[in-house]
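Examination of the molecular architecture
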Amino acid sequence: MKPAFEKLFGFDSKVNSVRTEILAGITTFLTMAYILAVNPSIFSALPGMPAGSVFTATALAAIIGTLVMALYAKKPFALAPGMGLNAFFVFTVCLGMGYTWQFALTAVLLEGILFIIFTVTKIRSWLLSAIPGTLKKAIGAGIGLFIAFIGMQNAGIIVNNDSTLVGLGKITEGTALLGIIGLFITAGLVMAKIRGGILWGILLTTVIGLFVKDPATGEAITKLNGFVSLPDSVGPIFCKFEWHNIFTLDMLVVVFTFLFIDMFDTMGTIIGVHQGAGLIPDDGPRDNVPGAEKMFLADSIATVAGACLGTSTTTTYVESAAGVGEGGRTGLTAFSTAVCFALALFLSPLFLAIPSAATAPALIIVGVMMMPSIKRIHWDDYCKAIPAFITIIMMPLAYSISDGILLGVISYVACHAVAGRFKDISITMWVLAVLFICKYIFI
C-alpha cells in the first residue's frame, strides 16, 4: 500500500523524491514570498483595510489556494494574490473609479464564481480563442510597466510635477535613495540567479533602511517592532461584500477585467512552466496539458476563498517555475510551499516593518519579468502593433489596467475594420468593442 502522501499528492516513489519535492516547495516560497510584504503595502492606500489584516488574508489565501492545487490538482504550482491584479483592485477600481473596496471584493468574488463556471462548462476555451493573441501578449507587458511605475512612485523615485505631470524625485536621500540602492541589490541577486533573489533583495534593503533616515521626520525609514506575533484577525475585511452595484456596467467591466487577466495569466503560467520543464513539447497543442482543468478549477476556488478573506484575485504564480526547475513535479511541492506560508503567518511584525521603498525594487523587477511577451508581437503588422501599443502604453499613462485593455480592444476592432480585415474580427470582439465604447460615452 502506498504511503498516504503518495495518494494525496500524486507522488510516485519510483520517480519522485520526497527530499527533492520539499526543497522545490521551499524554493518556490522563497521566490514568491515578497507578496507578503508587497500586498499589505499596496492595500495600505485604502482606508479601512488594516495592513495586518491584509497580511493575514494574503497568507491564508496563498495557503488555501496552494493546498487545493496540491491535494486536488496534485501539481507543483503555488498560488497567492496576484501582482497587477492587486494594483488594479486598489489603484483603478477603488482610487481611480472611486468605488469602495467592498465593491472590489464583490467583483473578485463574482469573477471567481464565473471562472469556476467557465472552467466546468468549457466556456473558457471559447473565450480564449475569441481574444486575439496580440492583445494577450500586450496585456502582460502593459501590466509590467504599470507595476514598475507604481513601485517607482512608492519609493519617491518618480513624483508629481505640475509642469510635466511626473518628474524625477530627489534620489540622493530618503526613500528614493533607499529604493535605488534596493533596486541595484535586487537586480544583482536576480542576475546572479540567486534563489529567492527578490525576497533577499527586499530583506537586505529593509535592513539598510534601519540606517537611512527620512528627511521629513528625521527617523529611520525602517521601524522594526519585533519578529514574532500571533496573526492579526481578518475580521475587519472578512466577507465584506457590497451587492447594490452588481448589475452596473462598471461592475461588468471590473469583473471581466479581473476574469480576463486571471484566466490568461493562469493559462500562460501553467503552459509556460510545463514547456520549460519539458513536460509538453513546444510545438504541441497549447491546451494539451494533463490536468489543466483541475489546475484552473483550483485557481478559481482560490480566488473565491481570497475574496471572502478580504484580498484581491488569487492566481497561479509564475515563480512556481523555480520549484519545478529544482525538480518539483507533484502536489508535495505545492504542499511544502503552503506549509512555508503557514509559518510566515507568525512573522507578521517582520514583514509589516518592511517599508514601501524596500518593496519598490520587487515591483520594478517583477515588471521586467512581465515584459518578454512583447517580443512575440508582430510589430511590422500595424493592424496588430497599434492596438498592442495602445494597450501597453495606456496602462501606466492612464494609471489604469482596465482602460488599457478596453482601449486595446476598441483599437483592435477599429484598425482591422479600417483596413478591411473583417475576417480577423470575431463576433465576440465586435460585441466587446461596442460595450466598451458605450462605457466611455455614457459613464
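Calculation rules
Residues numbered from 1 in each chain as written. Predicted model: local features only at pLDDT ≥ 70, side-chain atom pairs only at ≥ 80, totals over all residues. Heavy atoms only, no water. Helix = DSSP H or I, 4+ residues; strand = E, 2+ residues; numbered from the N terminus. Rg over C-alpha atoms; globule rule 2.2 N^0.38 Å. Buried < 20%, exposed > 50% of the residue type's maximum accessible area, 1.4 Å probe, protein only. Contact = heavy atoms within 4.5 Å. Areas by Shrake-Rupley, 256 points an atom, 1.4 Å probe, with all protein chains shown as cover. Axes fitted to C-alpha atoms, helices over the stretch in contact; angles between N-to-C directions. Parallel < 35°, antiparallel > 145°, perpendicular 65-115°, else oblique. Left-handed = near helix turned anticlockwise from the far one by under 90°. Expected span 1.5 Å × (residues − 1). Polar contact = N/O pair within 3.5 Å; in protein donor to acceptor, adjacent residues only side chain to side chain. Nonpolar A, V, L, I, M, F, W, Y, C, P; charged D, E, K, R; others polar. pLDDT = per-residue confidence, 0-100. Core = buried A, V, L, I, M, F, W, Y, C linked by side-chain atoms within 4.5 Å. Arc of directions from axis to C-beta. Disulfide = S-S within 2.5 Å. Phe/Tyr/Trp six-rings, centres within 6.5 Å; stacked < 30°, edge-to-face > 60°. Lys NZ or Arg CZ within 6 Å of the ring centre and 35° of its normal.

Okay, the overall build of the chain next. Within the chain one finds 19 helices and four strands. Its C-alpha radius of gyration of 21 Å places the chain within 12% of the 22 Å reference for a compact globule of 443 residues. When its C-alpha atoms are laid out on the principal axes, the chain stretches across 70 × 65 × 45 Å. Buried positions account for 55% of the 443 residues belonging to the chain. Sequence-distant contacts, at least 24 apart, represent 78% of the contacts inside the chain between residues at least 6 apart. Of the roughly 18300 Å² that the chain leaves accessible, carbon and sulfur atoms contribute 69%.

Here we come to the packing of helix α3 (residues 35-43) against helix α4 (residues 51-73). Packing of α3 against α4 brings their axes to within 9 Å, and their N-to-C directions diverge by 135°. In terms of orientation, α3 lies oblique with respect to α4. For α3 against α4, the interelement crossing comes out right-handed. In this structure, α3 uses Ile35, Leu36, Asn39, Pro40 and Phe43 to contact α4, whose residues at the interface are Ala51, Val54, Phe55, Thr58 and Ala59.

Right, let's talk about helix α2 (residues 18-32) for a bit. Helix length check: α2 (15 residues) gives 22 Å between terminal C-alpha atoms against 21 Å at 1.5 Å per residue, within 8%. The opening residue of α2 is serine 17, an N-cap whose side-chain oxygen sits 3.4 Å from the backbone nitrogen of arginine 19.

Okay, the packing of helix α6 (residues 101-121) against helix α12 (residues 292-309) next. Relative to each other, α6 and α12 sit at 160°, their axes nearing to 8 Å. In terms of their interaxial angle, α6 and α12 are classed as roughly antiparallel. Note that α6 runs across α12; the crossing there is left-handed. Contact residues: α6 offers Leu105, Val108, Leu109, Glu111, Gly112, Ile113, Phe115, Ile116, Thr119 and Val120, while α12 offers Glu293, Phe296, Leu297, Asp299, Ser300, Ile301, Thr303, Val304, Ala307 and Cys308. Among the residues making up the contact of α6 with α12, the classes are represented as 13 nonpolar, four polar and three charged.

Averaged over all residues, the pLDDT of the chain equals 86, while 93% of them reach at least 70. The low-confidence segment residues 282-287 (pLDDT under 50) makes four contacts with residues lying over four places distant or belonging to another chain.

Turning next to the nonpolar core. Core analysis: the biggest nonpolar cluster contains 88 residues, and Met83 and Phe89 have the highest contact counts within it. The residues contacting methionine 83, other than those within four sequence positions of it, are Tyr34, Ile35, Val38, Ile42, Ile147, Tyr317 and Leu363. With 17 residues, the next largest nonpolar core counts Ala73, Leu259, Ile270 and Ala302 among its residues.

Let us now look at unusual backbone geometry. Backbone geometry at lysine 193 places phi at a positive 60°, although glycine is not the residue there. Assignment of secondary structure puts lysine 193 in the loop between α9 (174-191) and α10 (197-209). The exposure class of lysine 193 is exposed, given its relative accessible area of 71%. Phi at tyrosine 399 is positive, roughly 55°, even though this residue is not glycine. Along the chain, the position of tyrosine 399 falls in the loop between α17 (382-397) and α18 (401-418). Here tyrosine 399 falls in the partly exposed class, since its relative accessible area comes to 24%.

Tracing the chain through its elements places threonine 106 in helix α6. Sequence-wise, threonine 106 and glycine 65 are 41 residues apart; in three dimensions their C-alpha atoms are separated by 18 Å. Ignoring anything within four residues of it in the chain, the contact list for threonine 106 reads Phe241, Glu242, Trp243, Ile246 and Met251.

Right, let's talk about helix α19 (residues 427-442) for a bit. Spanning 16 residues, α19 covers 23 Å between terminal C-alpha atoms, matching the ideal 22 Å at 1.5 Å per step. All buried positions along α19 are accounted for by Thr428, Met429, Leu432, Ala433, Phe436 and Lys439. Looking down the long axis of α19, one finds its buried residues gathered within 130° of arc, a one-sided arrangement. Projecting away from the buried face of α19 at angles above 90 degrees are the exposed residues Ile427, Ile441 and Phe442.

Okay, the state of the cysteines next. Applying the stated criterion across every chain, the model contains zero disulfides. In this structure cysteine 383 is not part of a disulfide, and its nearest cysteine sulfur, from cysteine 415, lies 6.0 Å away.

To continue, consider the packing of aromatic side chains. Summed over all chains, the structure comprises eleven aromatic pairs. Centre to centre, the rings of phenylalanine 88 and phenylalanine 258 are 4.9 Å apart; their planes meet at 85°, and the pair counts as edge-to-face. Of the two residues, phenylalanine 88 sits in helix α5 (residues 85-94) while phenylalanine 258 sits in helix α11 (residues 249-276), which places them 170 residues apart along the sequence. With respect to class, phenylalanine 88 is no different from phenylalanine 258; both count as buried. Relative to tyrosine 399, the ring of phenylalanine 146 has its centre 5.2 Å away and its plane inclined at 85°; by these criteria the two rings are edge-to-face. On the criterion of sequence distance, the pair formed by phenylalanine 146 in helix α8 (residues 133-155) and tyrosine 399 in the loop between α17 and α18 is long-range, its members being 253 residues apart. Owing to a relative accessible area of 0%, phenylalanine 146 belongs among the buried residues under this scheme. An aromatic cluster of at least three residues, connected via ring pairs, comprises Phe91, Phe146, Phe149 and Tyr399. Between the NZ or CZ atom of lysine 294 and the centre of the ring of tyrosine 72, over which it lies, the distance is 5.5 Å.

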